[in-house]
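What the coordinates show
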Amino acid sequence: MVSTQYFFAMNDSDALAMIGRLARIVTHDGHAAGLKPAQWEALRYLARANRFSRTPGALTAYLGATKGTVSQTLMALERAGLIRKSADPADRRSVRLELTEAALSLLPRDETLRFEAAM
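The numbering scheme is per chain: residues are counted from 1 as the chain's sequence reads. For this predicted model, a pLDDT threshold of at least 70 governs which residues receive local features, and a threshold of 80 or more governs which side-chain atom pairs are given and counted, while totals over whole chains, interfaces and linings are taken from all residues. The side-chain values count all of the structure's non-hydrogen atoms but skip hydrogen atoms and water molecules.

Next up on the list: the overall build of the chain. Segments assigned H or I by DSSP are reported as helices when at least four residues long, segments assigned E as strands when at least two residues long, and all are numbered from the N terminus. The number of helices and strands found in the chain is six helices and two strands. For the chain, the α and β elements follow one another from N to C terminus as α-α-α-α-β-β-α-α. Every one of the 119 residues in the chain was classed for burial, and the buried ones make up 28%. Here, two residues are considered to be in contact whenever any of their heavy atoms come within 4.5 Å of each other. If you take every contact in the chain between residues at least 6 apart in sequence, the share linking residues at least 24 apart comes to 47%. Using the Shrake-Rupley algorithm and a 1.4 Å probe, accessible areas are obtained, with residue cover drawn only from the displayed protein chains. A total accessible area of about 8,300 Å² is found for the chain, and carbon and sulfur atoms account for 57% of it. To sort residues, take the accessible area from a 1.4 Å probe on protein chains only and compare it with the maximum for the residue type: under 20% means buried, over 50% means exposed, and anything in between is partly exposed.

Right, here's the structure in full:
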């Protein structure tokens, strides 16, 4: 017996609307977890970045945000115990960012994982 499946034609605007809706759901769930969307984005970036790219400047470029906005985001993450800042041993003027154990344990609960699975 063949099951009946329903298909519909999705145009580009429908697809964009669906992606936008899923993004809003993920953003809302990020707030519910106690982190703002920019804080989640920073954690995601730092989790994927190599050791040379885990700097405030690289994060600023990635997010396309201002230095002040990224600075506030990093201060909030540091207060929450999710990142550590340290001086680069090769260049004491440069700051390196590291995820803490608390951040590493939080990342598997990232709502974008559900979004990626749905896609």
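Moving on: helix α2 (residues 37-48). With 12 residues, α2 extends 17 Å from end C-alpha to end C-alpha; this agrees with the ideal 16 Å at 1.5 Å per step. Buried within α2 are the following residues: Gln39, Trp40, Ala42, Leu43, Arg44, Tyr45 and Leu46. By this rule the span expected of a helix is its residue count minus one, scaled by 1.5 Å.

Look at α2 against helix α3 (residues 56-63): their axes get within 11 Å of each other, and the N-to-C directions meet at 120 degrees. Taken together, the axes of α2 and α3 are oblique relative to one another. The handedness of the crossing between α2 and α3 comes out as right-handed. Judged by residue contacts, Glu41, Ala42, Tyr45 and Arg48 of α2 engage Ala58, Leu59, Tyr62 and Leu63 from α3. Interaxial angles span 0 to 180 degrees and are taken between N-to-C directions of axes, which are lines fitted to C-alpha atoms, for helices over the stretch in contact. Roughly parallel refers to an angle under 35 degrees, roughly antiparallel to one over 145, roughly perpendicular to one between 65 and 115, and oblique to any angle outside these ranges. Less than a right angle of anticlockwise turn of the near helix away from the far helix marks a crossing as left-handed, whereas a clockwise turn marks it as right-handed.

In terms of nonpolar packing, the biggest core is built from 18 residues, with Leu35, Leu43, Leu77, Leu82, Ile83 and Leu99 touching the most fellow members. Elements with a minimum of two residues in this core: α2, α4 (67-79), β2 (91-99) and α5 (101-106). If one sorts the elements of this core by residue count, α2 sits on top with five residues. When near neighbours in sequence (up to four residues on either side) are disregarded, leucine 43 contacts Leu35, Leu77, Leu82, Ile83, Leu99, Ala103, Leu106 and Leu107. Residues belong to a common nonpolar core when they are buried Ala, Val, Leu, Ile, Met, Phe, Trp, Tyr or Cys residues joined through side-chain atoms within 4.5 Å.

Any functional reading would require information beyond the geometric quantities listed.
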